[in-house]
Amino acid sequence: MKKDKKRKLMTNNSGVVGIVATVLLIGLIITFVGIVQTVHVPNWLKQKEAHHMNDVQTQFTQLKYTIDVLSLLEEHVSIANYITLGTEELPVLNTGRTYDTLEILSNNFQITFSNATDSFSLTTSGILYSSKNSHFVDQIICLEAGALILSQTPSSILLGQPLFSITNYTNVSLWLFDIAGLEGKSFVSGYGTYILSNEFISRTTHRITDVTSINISTDYPEAWGDFFNSSAFVNSGLTYSMTLGNQTLHIEYSISLGNFDIEVIDIHSQLAIWRY
Amino acid sequence: MGEKIKRKGKRRRSSSIAASSVLETLLLLSMTVGFFTILYISVFSFSFSQTPPAVHILGTTSEDSSIILYHRGGESISIESTIVLTIEGNRTNLVLGDYLDNTSKQDSLWSMGESLVIAGMLLEDQQGEILIIDGQRNIMVFHGYV
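Predicted, not measured: the structure shown is a model, and the values here were computed from it.

Criteria and thresholds
- Residues numbered from 1 in each chain as written.
- Chains lettered and ligands numbered in written order.
- Predicted model: local features only at pLDDT ≥ 70, side-chain atom pairs only at ≥ 80, totals over all residues.
- Heavy atoms only, no water.
- Pairing = 2+ DSSP bridges.
- Helix = DSSP H or I, 4+ residues; strand = E, 2+ residues; numbered from the N terminus.
- Axes fitted to C-alpha atoms, helices over the stretch in contact; angles between N-to-C directions.
- Phe/Tyr/Trp six-rings, centres within 6.5 Å; stacked < 30°, edge-to-face > 60°.
- Contact = heavy atoms within 4.5 Å.
- Buried area = accessible area lost by both parts, 1.4 Å probe.
- Salt bridge = Lys/Arg side-chain N within 4 Å of Asp/Glu carboxyl O.
- Nonpolar A, V, L, I, M, F, W, Y, C, P; charged D, E, K, R; others polar.
- Buried < 20%, exposed > 50% of the residue type's maximum accessible area, 1.4 Å probe, protein only.
- pLDDT = per-residue confidence, 0-100.

What follows concerns the sheet that holds strand β7 (residues 115-118) of chain B. Residues and elements named next belong to chain B. Within the open sheet, the three strands sit side by side as β1-β2-β7. Their pairing is antiparallel. Only two strands of the sheet have a single partner each, and these edge strands are β1 (55-61) and β7. Between one strand and the next, the sheet's axes are offset by a mean angle of 20°, whatever the strand orientation. Pairing of β1 with strand β2 (residues 67-74) involves six bridges; the strand directions are antiparallel. What sits directly across from Gly-59, in β2, is Leu-69.

Spelled out as structure tokens, the structure:
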């Protein structure tokens, strides 16, 4: 009887040690996973999202290049470009997937050229990518009237300028793209690589002489300010004053520009959303 | 007498088994506590953002040899950050905020679209090496030559 009691006690002791060891081991694993999840995973995700933003910028520079070449060649062919939305989740941890949006905007940009007696106004549409990052700063990339713009609230910068030339100091030729989307195929939100098909439609030239002011209505006045402050315009010897508003940019030239040729390029663009 | 000796022997064996179990537990506990302490110290003495901020900086020089650094997107950087400028082996430490205009440094950050101008440091035909060290995280965020 006494022997049995002793055996029971010995068995119990071994059991307690085993449980304590298991609890400690589980605690250790939980702590390790906790540290990885709270310290390292956010950093990995931030780097992944920043890398994705660079990829999208590169894809948009290719898109701008495609549209520039299409307008110069004036060929009625459809060329596809690829835009990647969202970032993939981290392997094993299965966390960090993001979803972005891509949209063909409608009438988001307006520019008016004025001389003493007349004015010419143009409204164009563009392509807008908007990120929905969870760790890295949110960015908007917009192809607006031929200018490639990167916006990070509250500021914007120019990534690519529209096609333009200045000859004899005051003869300006500016190419502005009007990208029209197809109804039902002009907005996509989600994750994955989407195809954007672009086709040249027409090119129209408008001439206005002795331009004294330019008015722009846009969500990115700083970026357009960068363009008109660019070396080509500054080196043309023209003197001007620039007023930057919340959504407006006003440029007043002290000497009127000679001839201002505005080449309006119509592009049809659509997101290839096929039925499978 | 013989039985008594046998019983004593049994008791000693039983108590030594119990002692070894206690020792085992104590050792395991002390090892775990020690490991957790090392882990705790190493993790909490560690800055949580050891990865450099993802930022695009463009460095160039103007006609009058002023150094211009443009923030071209990504994370904002503290104006307390240090610019380490090395020209012909001479190293100078500059505070980033001193070279930003007043409007740009209102939010105490160097953000996208803002540029800083370092005038009078570089002579014509000289090359400078620039390092920007983030003041908050003590990490290099930019390395370039102008």
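Additional details are given in the paragraphs that follow.
The next point concerns the packing of aromatic side chains. Counting across every chain of the model gives seven aromatic pairs over all chains. Taken together, the ring pairs connect Phe-109, Phe-164, Trp-224, Phe-227 and Phe-228 of chain A into an aromatic cluster.

Quick look at the sheet that holds strand β5 (residues 90-95) of chain B now. Residues and elements named next belong to chain B. Strand order in this open sheet of four strands is β5-β4-β8-β9, and the pairing throughout is antiparallel. The open sheet is flanked by β5 and β9 (139-145), the only strands paired with a single partner. For this sheet the average axis-to-axis angle between neighbouring strands, irrespective of direction, equals 20°. The sheet contact formed by strand β8 (residues 128-134) and β9 spans six bridges and is antiparallel. The residue of β9 that forms the bridge with Ile-132 is Phe-142.

Looking now at the interface of chain B and chain A. Counting from both sides, the interface comprises 26 residues of chain B and, opposite them, 27 residues of chain A. Of the roughly 2300 Å² buried where chain B meets chain A, counting both sides, 69% is carbon and sulfur surface. The largest share of the area that chain B buries against chain A comes from Thr-51, Arg-72 and Met-112 of chain B, three residues that together contribute 25% of it. Across the contact surface, chain B and chain A share one salt bridge. Glu-75 of chain B is the salt-bridge partner of Lys-46 of chain A, the closest N and O atoms lying 3.3 Å from each other. It is helix α1 (residues 2-44) of chain B that provides the largest number of residues to the side of chain B that touches chain A, a total of 13 residues. Split by residue class, the side of chain B that touches chain A holds 10 nonpolar, 11 polar and five charged.

Taken across its eight residues, helix α2 (residues 221-228) of chain A has six buried, putting it largely inside the fold. Buried residues of α2 of chain A: Pro-221, Ala-223, Trp-224, Gly-225, Phe-227 and Phe-228 of chain A, and no others.

Per-residue confidence for chain B gives a mean pLDDT of 82; residues scoring 70 or more make up 82%. The ipTM assigned to the predicted complex is 0.78, against a pTM of 0.80.

Before going further, it helps to spend a moment on the pairing of β8 of chain B. Within a regular strand, side chains alternate between the sheet's two faces. All names here are of chain B. Here β8 shows a buried face lined by Gly-128, Ile-130, Ile-132 and Asp-134 and an unburied face lined by Glu-129, Leu-131 and Ile-133. Note that strand β4 (residues 82-87) and β8 share six bridges and pair antiparallel. Residue pairing across strands places Ile-87 opposite Gly-128, the latter belonging to β8. In this antiparallel pair of consecutive strands, β8 and β9, the connection spans four residues, and Asn-138 shows a positive phi of 55°.

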